[in-house]
Amino acid sequence: MEEITSIEVNSYHENLPVSSDGIETDKRFKSSWAIIDSLTVRNLNYTNVFHFQLNDFQEHWNAFTITDVYYAQKVGLIKYKMNNGLNFERENQTIIQ
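All values reported here derive from a predicted model rather than from experimental measurement.

Criteria and cut-off values
Residues numbered from 1 in each chain as written. Predicted model: local features only at pLDDT ≥ 70, side-chain atom pairs only at ≥ 80, totals over all residues. Heavy atoms only, no water. Helix = DSSP H or I, 4+ residues; strand = E, 2+ residues; numbered from the N terminus. Buried < 20%, exposed > 50% of the residue type's maximum accessible area, 1.4 Å probe, protein only. Contact = heavy atoms within 4.5 Å. Areas by Shrake-Rupley, 256 points an atom, 1.4 Å probe, with all protein chains shown as cover. Core = buried A, V, L, I, M, F, W, Y, C linked by side-chain atoms within 4.5 Å. 1 Å grid on protein atoms, 1.4 Å probe; cavity = no way out; pocket = protein on both sides within 12 Å on 5 of 7 lines; lining within 4 Å. Points joined across faces, edges and corners; volume = space filled by probe spheres on them. Nonpolar A, V, L, I, M, F, W, Y, C, P; charged D, E, K, R; others polar. Salt bridge = Lys/Arg side-chain N within 4 Å of Asp/Glu carboxyl O. Pairing = 2+ DSSP bridges. Axes fitted to C-alpha atoms, helices over the stretch in contact; angles between N-to-C directions.

Draft legend 1. Examining the overall build of the protein more closely. Assigned secondary structure in the protein consists of zero helices and nine strands. Sequence-ordered secondary structure for the protein, helices as α and strands as β, is β-β-β-β-β-β-β-β-β. The C-alpha extent of the protein, read off along each of the three principal axes, is 45 × 35 × 20 Å. Burial statistics for the protein: of 97 residues in total, 31% are counted as buried. Here the analysis covers contacts within the protein between residues at least 6 apart in sequence; of these, 31% occur between residues at least 24 apart. Total accessible area on the protein is roughly 6,700 Å²; 46% of this is exposed by carbon and sulfur atoms.

Draft legend 2. Seen up close, the nonpolar core. Residues I4, I7, V9, L16, I23, F29, L54, F57 and W61 constitute the largest nonpolar core, which totals nine residues. Residues in contact with W61, not counting those within four places in the same chain, are V9, N10, L54, N55, D56, T67 and N83. One finds Y46, Y70, A72 and I78 within the second-largest nonpolar core, a separate group that totals eight residues.

Draft legend 3. Main features of the layout of surface pockets. Space inside the largest pocket adds up to approximately 150 Å³. In this structure, the largest pocket is lined by I7, E8, V9, N10, F52, L54, T65, I66 and V69. Elements represented by at least two residues in the lining of the largest pocket include exactly β1 (6–9) and β7 (66–72). The element contributing the most residues to the lining of the largest pocket is β1, with three residues. Split by residue class, the lining of the largest pocket holds six nonpolar, two polar and one charged.

Draft legend 4. Quick peek at the pattern of salt bridges. By the definition in use, this model includes four salt bridges. The partner of E3 in a salt bridge is R28, and the shortest N-O contact between them spans 3.5 Å. Pair noted here: E3 is in the segment before β1 and R28 is in the loop between β4 (22–23) and β5 (32–41), with a separation of 25 residues, a long-range link. Residue E14 pairs with K27 through a salt bridge whose shortest N-O separation is 2.3 Å. With E14 in strand β2 (residues 12–15) and K27 in the loop between β4 and β5, this pair connects stretches of sequence that are 13 residues apart. Each of R42, K79 and E89 takes part in one network of salt bridges that share partners.

Draft legend 5. Examining the sheet that holds β5 more closely. The antiparallel open sheet is built from five strands, whose spatial order is β5-β6-β7-β8-β9. In the strand order of this sheet, the two ends are held by β5 and β9 (87–89), each with one partner. Averaged over all pairs of adjacent strands, the angle between their axes in this sheet comes to 25°, without regard to strand direction. Summarising the sheet, β5 and strand β6 (residues 44–53) pair through nine bridges and their orientation is antiparallel. Paired with V41 across the bridge in β6 is L44.

Spelled out as structure tokens, the structure:
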């Protein structure tokens, strides 16, 4: 699918109704995802990086809510950001076989 249909934030969750015809409501989430061709983290270049950015339900966020997540193909989690401004980055590159 190309559309986000379910989000959970700190025990609050919401799903959009989906059938074989597609999403059955005009409502859409503001959060987004994209595939980034290349991203450098701690002087290592990662390719085919999945990036999710949370933009919904800010009234349910706290300081520890994760707002951005980056996963690299064949590596896993490489970076995430929290609502309190902290950023965490992977220190080494381990390739998953």
